[in-house]
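What the coordinates show
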Amino acid sequence: MTFRADLHCHSTCSDGSLTPNELVDLAIKKGLQGLSITDHDAFDAYPEVLNYATQNGLKMVTGVEFSASLNGKSVHILGYGFDPQNKELKAFSGRHRDRRIARNRELLEKLLKEGIPLDENELYASASSRMIGRPHIALLMVKHGFVKDVRTAFKKYLGDGAKCYVPGPQFTIEETLDHLRRAGGKPVLAHPHLYDGKKFVKKILDKGFWGMECNYGSLTIPQNAPWHSLAAELGLHKTAGSDYHGPYKTNAELGASFVSEEVFTLLST
Ligand code: AMP
Ligand code: FE
Ligand code: FE
Ligand code: ZN
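Everything in this summary refers to the structure shown in the same document. (Residues numbered from 1 in each chain as written. Chains lettered and ligands numbered in written order. Predicted model: local features only at pLDDT ≥ 70, side-chain atom pairs only at ≥ 80, totals over all residues. Heavy atoms only, no water.)

With that out of the way, let us pick up the pairing of strand β8 (residues 237-241). The pairing of strand β7 (residues 211-216) with β8 spans five bridges and is classified as parallel. Each residue of the ladder has a partner; that of E213, found in β8, is T239. Crossover β7 to β8 through helix α9 (residues 221-234) is right-handed. (Pairing = 2+ DSSP bridges. Helix = DSSP H or I, 4+ residues; strand = E, 2+ residues; numbered from the N terminus. Right-handed = clockwise from strand over helix to strand, strands pointing away.)

Looking at where G79 falls in the secondary structure, it is placed in strand β5 (residues 73-80). On a C-alpha basis, the gap between G79 and L189 in space is 8.7 Å, while along the polypeptide they are 110 residues apart. In contact with G79, other than residues within four places in its own chain, are T62, G63, V64, L180 and K186. (Contact = heavy atoms within 4.5 Å.)

With that out of the way, let us pick up the environment of L118. Mapped onto the fold, L118 is located in the loop between α3 (87-113) and α4 (120-125). L118 sits in the buried class, given a relative accessible area of 15%. Taking the C-alpha atoms as reference points, L118 and L140, separated by 22 residues in sequence, lie 7.7 Å from one another. Discounting chain neighbours no more than four positions away, the residues touching L118 are L108, L111, I137, L140, M141, H144 and F146. (Buried < 20%, exposed > 50% of the residue type's maximum accessible area, 1.4 Å probe, protein only.)

As structure tokens, then:
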């Protein structure tokens, strides 16, 4: 069987619906040989999930997806192969949690002004995750009948530029890359198609990345093609992932995009 590894998915440690171990089970069921769980700003799944994967014959590399910003625009940075016990990286993740608490509070205040009262305590009790964000707020809005689904919550209220959107405190790309590198991690730019065009992507990449996510689960081969060309032009490694979140979000299925054994091995060493 050819080796396939999905390098981008989310667990209950951030906004995914499956636990880390359930993702391992699903990866095996889908016939994958390798996996990285990349939670938003968190890597609490590690190192425990590595043991579970090893016991079940699945290869894993540590992963995370940090939120950063450039010129006020949100940029997602994947990191692979770092030491999950690294104290500075753990502290950085803790600063992200504080950033999110401040931002969620601002979001709730804006929603209240729109006649949507949500209880902060209920928000934090609604998920075991330490990284609560807009998806959790959207689910709470659905639960209390303020919107019909998560999609509408983002479109009308929470999405970038929508009525109640607030960026909140942010971290720079430079400090994110620095923290990842110090912990032995390799930084990869996530889903380049979601940013403001090739010129802006080049500006991001100027900061120094190991690779770029050139195969994104929900895109077609022609849609991914420009990013393959850009990675080749800049001498970057090409990675792939589904960005699977579970059923709440209509993304690609786990394993929809994958890397070869060669790329996977480069990330693990
Ligand atoms: P946050 O990290 O709190 O800024 O929330 C961003 C996350 O919200 C993204 O990583 C997605 O998982 C999710 N998201 C963004 N836009 C949408 C959307 N239109 N529908 C559902 N989920 C979304
Ligand atoms: Fe997400
Ligand atoms: Fe992302
Ligand atoms: Zn993601």
